[in-house]
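# Structure assessment
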Amino acid sequence: MFTSVSDIELDKHQIEAGFTALQARICKGLEELDGSGHVFSEEYWKHREGGGGRTRVFQNGNFLEKGGVNFSAVWGTAPELIQKALQLQGNSHQFFASGVSIVLHPASPLVPIIHMNVRYFELSNGDAWFGGGIDLTPIYVVEEDARHFHRTLKKTCDAFDVQFYPKFKMWADDYFYLQHRNETRGVGGIFFDYLRPDATHSKQQLFDFAIAVGDTFVPVYRDIVERRRHLPFHEEHRRWQLLRRGRYAEFNLVWDKGTKFGLETGGRTESILMSLPPLAAWEYDYTPPADSEEAATLAWLKRGVDFV
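Residues numbered from 1 in each chain as written. Predicted model: local features only at pLDDT ≥ 70, side-chain atom pairs only at ≥ 80, totals over all residues. Heavy atoms only, no water.

## Considerations on the sheet that holds strand β4 (residues 94-106)
Here we have 7 strands laid out as an open sheet, ordered β1-β2-β3-β4-β5-β6-β9, and antiparallel in their pairing. Whereas interior strands pair on both sides, the edge strands pair on one side only; in this sheet they are β1 (41-46) and β9 (188-195). Strand after strand, the sheet turns through a mean of 10° between neighbouring axes, direction not considered. Looking at chain direction, strand β3 (residues 64-77) and β4 are connected through 13 bridges and run antiparallel. When the sheet's bridge partners are listed, L64 is paired in β4 with P106. Contacts from helix α3 (residues 143-158) reach β5 (113-123), β6 (128-137) and β9, with the element oriented near 30° to β9. (Pairing = 2+ DSSP bridges. Helix = DSSP H or I, 4+ residues; strand = E, 2+ residues; numbered from the N terminus. Axes fitted to C-alpha atoms, helices over the stretch in contact; angles between N-to-C directions. Contact = heavy atoms within 4.5 Å.)

Listed below in structure tokens is the structure:
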């Protein structure tokens, strides 16, 4: 158990409750958006030291081929990875971590993959911070959708701090980047980490911001889904979708910090790898024709694009 003061303990439980409620709202919104009558399956799991999570998975819906909305609240001895990163002395530091993470893989190649997570991390020495982000990975980049997505995120950020969007957008460009491919995972979004309370932002304000990011998820995705879900597509579109899903899997398995953290701290493997697509493909040295839709999408996959 923590030895921190009771008001920090209370904050911890309030944050956990807030993330629990966020998961429920997002699942309800996605069930309504899919419209198939399917609901998320639910599974509870326990962490090896303390706490656990609730994994919710949706499969074979009207537009959603596979999706997961995970909640967790776990605690125990701080992982060596965290202790090294924060240059902590000794090995008795305890941690508490809670959050919500989402990845959705639509059936149609004309509807983008989307990811979101918000999280809170606390150490027994009193250090605490928020992290998270939301990003869009279209199989085919549509400029209208990308601009709407980024403008919506900017509006959410600006309600708390006008410096958030430009800072977190740049951070997302750098984070959601496949270094071995020299391309971004998609059109980016926002990403933030180690967001600590300070003289400008209280802990409550940062928590409110994290929840606001979470509550932006369903409305902004609904706008894009409704524009694209009924458009016809052909076999070449599907082939390209599987190749781009391969890129998505590469990022999550090679570069994603959340995947590494979950696996290294004894999280539930099935829940952690929920982010992987149901089907993906790799073709050796595939290069699309220069004047193709696929080549046009690759031209967008670079850092520093001003979508606002």
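## What about the confidence of the model for the protein?
Overall, the predicted model of the protein reaches an average pLDDT of 91, with 96% of residues at or above 70. Taken element by element, the predicted model of the protein shows its lowest mean pLDDT in helix α2 (residues 80-85) (76) and its highest in α3 (98). (pLDDT = per-residue confidence, 0-100.)

## Things to note about the nonpolar core
In terms of nonpolar packing, the biggest core is built from 54 residues, with F19, I26, L30 and F217 touching the most fellow members. For this core, the leading source of residues is helix α5 (residues 203-228), giving 12 residues. The residues touching F217, leaving out its near neighbours within four places in the chain, are I26, L30, I102, L104, I114, H115, M116 and I134. Formed by 10 residues, the second largest nonpolar core is a distinct cluster that contains V74, A78, L88 and F95. (Core = buried A, V, L, I, M, F, W, Y, C linked by side-chain atoms within 4.5 Å. Buried < 20%, exposed > 50% of the residue type's maximum accessible area, 1.4 Å probe, protein only.)

## Details of the side chain of T216
Turning to its location among the elements, T216 is positioned in helix α5. Engagement of the side chain of T216 in a polar contact is seen with the backbone oxygen of A212, the distance being 2.8 Å. (Polar contact = N/O pair within 3.5 Å; in protein donor to acceptor, adjacent residues only side chain to side chain.)

## A word on the layout of surface pockets
Here the largest pocket is characterised by a volume of approximately 1,100 Å³. Around the largest pocket, the lining comprises 46 residues; the ones closest to its centre are R119, G258, T259, F261 and G262. Taken together, the elements giving at least two residues each to the lining of the largest pocket come down to β3, α2, β4, β5, β9, α6 (235-254), α7 (257-264) and α8 (269-272). The class makeup of the residues in the lining of the largest pocket is 22 nonpolar, 16 polar and 8 charged. As a volume, the second largest pocket reaches approximately 250 Å³. Lining the second largest pocket are 15 residues, with R181, R244, R247, E283 and Y286 positioned closest to its centre. Considering every element that reaches the lining of the second largest pocket, the biggest residue donor is α6, with 4 residues. (1 Å grid on protein atoms, 1.4 Å probe; cavity = no way out; pocket = protein on both sides within 12 Å on 5 of 7 lines; lining within 4 Å. Points joined across faces, edges and corners; volume = space filled by probe spheres on them. Nonpolar A, V, L, I, M, F, W, Y, C, P; charged D, E, K, R; others polar.)

## Some points on the packing of aromatic side chains
Here the structure, examined in full by the defined rule, presents 26 aromatic pairs. Measuring from centroid to centroid gives 5.7 Å for W300 and F307, while their planes differ by 25°, and the two rings are stacked. It is K12 that lies over the ring of F96; its NZ or CZ is 5.1 Å from the centre. Geometry around Y177 places R303 over its ring, the cationic atom sitting 3.7 Å from the centre. (Phe/Tyr/Trp six-rings, centres within 6.5 Å; stacked < 30°, edge-to-face > 60°. Lys NZ or Arg CZ within 6 Å of the ring centre and 35° of its normal.)

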